[in-house]
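# Per-entry structural report
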Amino acid sequence: MRTAIKICGISTPEALDAAVAAEADFAGLVFFPPSPRHVDTYAAAALAARGGGKIGRVGLFVDADDGLLRDAIGAGRLDAVQLHGEETPERVAQVKERFGLPVWKALPIATETDVQKAEAYRGVADLLLFDAKTPKDAALPGGMGLRFDWSLLSGWRGKTGWGLAGGLSPANVAQAIAETGAPLVDTSSGVECAPGVKDVDKIAAFCEAARQI
Ligand SMILES: O=C(O)c1ccccc1N[C@@H]1O[C@H](COP(=O)(O)O)[C@@H](O)[C@H]1O
């Protein structure tokens, strides 16, 4: 089965073009001001115009209110919404109903108990994105290049739409897919040369490695 690829934190035309050229499936646009990958609605609109129908656009939000969601969805002509904060299943259902887009829920993973929390989102979120849990005092709830113990997902494999994130890079993505069977992989800092600065060669290498398997 072909693994879907999302390159997150796209904020420049060059990075977007590299993701399209490498045949990534999704470009992630981060709407979270503390992130070095944050895009405003003007930048999002420009990226949407450039990407057109060549790549799916997923907006990443952290406990966003409806106003931000509305503005970002409109400007970025988003195809899906990724909720990467502490959104409850009720909030996920509300966002889905209000905006009529597929909702991806990111879940922070460090233990088996964290994986079990996914059950509450089953049938509510369209896709569950398992990501490494960041430390309590971390600046961001994701995008920090941290990975978790992939074997924690052995009880989850194949039950619903899901994806793997957290510390994925060109060097480890093939192994990650082989070990977990993830139908989608998502990377951000693993294809950067500095926080928020995408490296076009790493984007190409990541997509090639993910497709080798
Ligand atoms: O990328 C960010 O800046 C970000 C900010 C806030 C929440 C999540 C963020 N990124 C997402 O985190 C995971 C893992 O990223 P990494 O590959 O370990 O750097 C991924 O889903 C990003 O989309």
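The coordinates are above.
Residues numbered from 1 in each chain as written. Predicted model: local features only at pLDDT ≥ 70, side-chain atom pairs only at ≥ 80, totals over all residues.

Moving on, we come to the environment of Ser35. Note that Ser35 resides in the loop between strand 2 (26–30) and helix 2 (41–51). By the C-beta count within 10 Å, which is 23 here, Ser35 ends up buried. With 106 residues separating them in the primary sequence, Ser35 and Pro141 have C-alpha atoms 9.7 Å apart. (Helix = DSSP H or I, 4+ residues; strand = E, 2+ residues; numbered from the N terminus. Buried ≥ 20, exposed ≤ 12 C-beta atoms within 10 Å, placed from the backbone.)

Taking 1.5 Å as the rise per residue, helix 7 (residues 200–211) with 12 residues should run 16 Å; its terminal C-alpha atoms sit 17 Å apart, in good agreement. Within helix 7, the full set of buried residues consists of Lys202, Ile203, Phe206, Cys207, Ala209 and Ala210. All buried residues of helix 7 project into a common sector of 165° when viewed along the axis, lining one side. Buried positions along helix 7 lie against strand 1 (4–7), helix 1 (13–21), helix 6 (173–180), strand 8 (184–187) and strand 10 (197–198). (Expected span 1.5 Å × (residues − 1). Arc of directions from axis to C-beta. Contact = placed C-beta atoms within 7 Å.)

Among the five residues that make up strand 2, five are buried, leaving the element largely enclosed by the rest of the structure. Burial along strand 2 is two-sided: Phe26, Gly28 and Val30 and Ala27 and Leu29, pointing in opposite directions, are all buried. Running through helix 1, the crossover from strand 1 to the neighbouring parallel element strand 2 is right-handed. Direction of pairing for strand 2 relative to strand 3 (residues 56–61): parallel, over a ladder of five bridges. Bridged to Leu29 within strand 3 is Gly59. Handedness of the crossover joining strand 2 and strand 3 through helix 2 is recorded here as right-handed. (Right-handed = clockwise from strand over helix to strand, strands pointing away. Pairing = 2+ DSSP bridges.)

Here we take up the sheet that holds strand 3. By way of backbone hydrogen bonds, the strands of a sheet pair with one another, either parallel or antiparallel. The parallel closed barrel is built from eight strands, whose spatial order is 1-2-3-4-5-6-7-8. When strand polarity is set aside, the average angle formed by the axes of neighbouring strands in this sheet is 25°. Note: strand 1 against strand 2, two bridges, orientation parallel. Each residue of the ladder has a partner; that of Lys6, found in strand 2, is Phe26. (Axes fitted to C-alpha atoms, helices over the stretch in contact; angles between N-to-C directions.)

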